[in-house]
Amino acid sequence: MTNNATVAVRTQDKNEQQAPSKLKSIARQFGVVWSNTKARIGIIILAVFVVVAIAAPLLAPYGASQNGFARSADATWAHWMGTTAAGEDVLSQIIYGARISVLVGAVAGLLSTLVAVAIGLSWGYVRGWIAEVIGFIVNLFLVIPGLPLMIVIAAYLQNGGIAVIIAVIVVTGWAWGARVLRSQTQSLRGRDFVTAAQFSGEGATRIVFREILPNMTSLIVGSFFGAATSAILAEAGLEFLGLGDSSIVSWGTILYWAQNSNALLTGQWILLFAPGLCIALLAMSLTLINFGVDAVSNPRLREGARRKKEKTA
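Residues numbered from 1 in each chain as written. Predicted model: local features only at pLDDT ≥ 70, side-chain atom pairs only at ≥ 80, totals over all residues. Heavy atoms only, no water.

Asks: Any chance you could explain the nonpolar core here in plain terms?
Replies: Judged by nonpolar contacts, the single largest core of 27 residues is most densely connected at F49, I94 and W251. Of the residues forming this core, the biggest block, nine residues, is contributed by helix α13 (residues 270-297). Leave out the neighbours within four places in its chain, and F49 touches A98, V102, W251, C278, L281 and L282. If you look at the next biggest cluster of nonpolar residues, it comprises 20 residues, including L121, L188, M216 and I220. (Core = buried A, V, L, I, M, F, W, Y, C linked by side-chain atoms within 4.5 Å. Buried < 20%, exposed > 50% of the residue type's maximum accessible area, 1.4 Å probe, protein only. Helix = DSSP H or I, 4+ residues; strand = E, 2+ residues; numbered from the N terminus. Contact = heavy atoms within 4.5 Å.)

The structure is reproduced here in structure tokens:
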């Protein structure tokens, strides 16, 4: 009884020691990302869009679909960006549209990354005919052009809502990340700690997700930001082509209705410029953050940045 109690106390102490070390590791990695100027700018831009998306009802002067105003009006004090052809406030739609892009980027990027991690790690660790079957499926998705496949699937499942858009993006966007993770898994499979786990009788699933996966954190995070960027651009493109749900308010649907109402011919260039700029800034912020994530996984980049600062000083 005393021995069991002693073991329990030691296990609790060990867990308490590991928790601060994990927090310190996360804080240290975030410090590396924050020290990168490009990543710092990206984090600030992304934070602004996230705050706007969360606080949209508080920031927007009117409702997203409130259409009781003059149609195709120019900018005034009441409507800073004017109104649409349906009599809706453009600024309010831009603010509410951030919700869809942030949501699609986060959810589709996360789901694509999870699929890529599961398939990429399994493909890189297993051998034999299973690896060949997985490789055939991945290569098939890589060979098929992503945008045409996305358009065909979205057109077939048209008006299915934002969930269908996310599903289409996930189905067409996981293969490249899986291939990158497979290469890294193959390089880690022959390391000593993996060999030791195999000799100790650990199962393949435990080795892959408990031994190999923690050593690929920065690569997986980078894959997430890349997938989220592609998802944001894909959602805007599908909505602009009219293959999404045109009843929702997003930056893509704003562009779609602006094209249908000939906004450029009527002089309402803001209907095209504002949502296009927001899409570009949000995608750029994720790309900039990826520079800092690369520095976490590649020590040479940190050395280069440090030497550059020393030369500047």
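So that's the structure; there's more coming.
Asks: I tried to follow the pattern of salt bridges on my own but got confused; where do I start?
Replies: For side chains bearing opposite charge, pairing can occur when the charged atoms are close. According to the stated counting rule, one finds one salt bridge in the structure shown. Notably, a salt bridge pairs R206 with E202, separated by 2.9 Å at the nearest N-O pair. Residue classification places R206 among the partly exposed residues on the basis of a relative accessible area of 40%. (Salt bridge = Lys/Arg side-chain N within 4 Å of Asp/Glu carboxyl O.)

Asks: Could you clarify how one ought to interpret the packing of aromatic side chains in this entry?
Replies: Aromatic rings in a pair are described by how distant their centres are and how their planes are angled relative to each other. The final tally for this structure, using the stated rule, is six aromatic pairs. Between the aromatic rings of F141 and W174, the centroid separation amounts to 5.1 Å while the plane-to-plane angle is 55°, which identifies the pairing as tilted. In this pair, F141 is assigned in helix α5 (residues 129-143) and W174 in the loop between α7 (162-173) and α8 (175-189), connecting sequence segments 33 residues apart. Residue W174 is classed as buried on the basis of its relative accessible area of 7%. (Phe/Tyr/Trp six-rings, centres within 6.5 Å; stacked < 30°, edge-to-face > 60°.)

Asks: Can you help me understand the side chain of Q93 in this one?
Replies: Tracing the backbone through its elements, the reader meets Q93 in helix α4 (residues 90-125). Owing to a relative accessible area of 7%, Q93 belongs among the buried residues under this scheme. At 3.3 Å, the side chain of Q93 forms a polar contact with the backbone oxygen of A64. Once residues within four sequence positions are removed from consideration, Q93 is found in contact with A64, T84, E88, V249 and I254. (Polar contact = N/O pair within 3.5 Å; in protein donor to acceptor, adjacent residues only side chain to side chain.)

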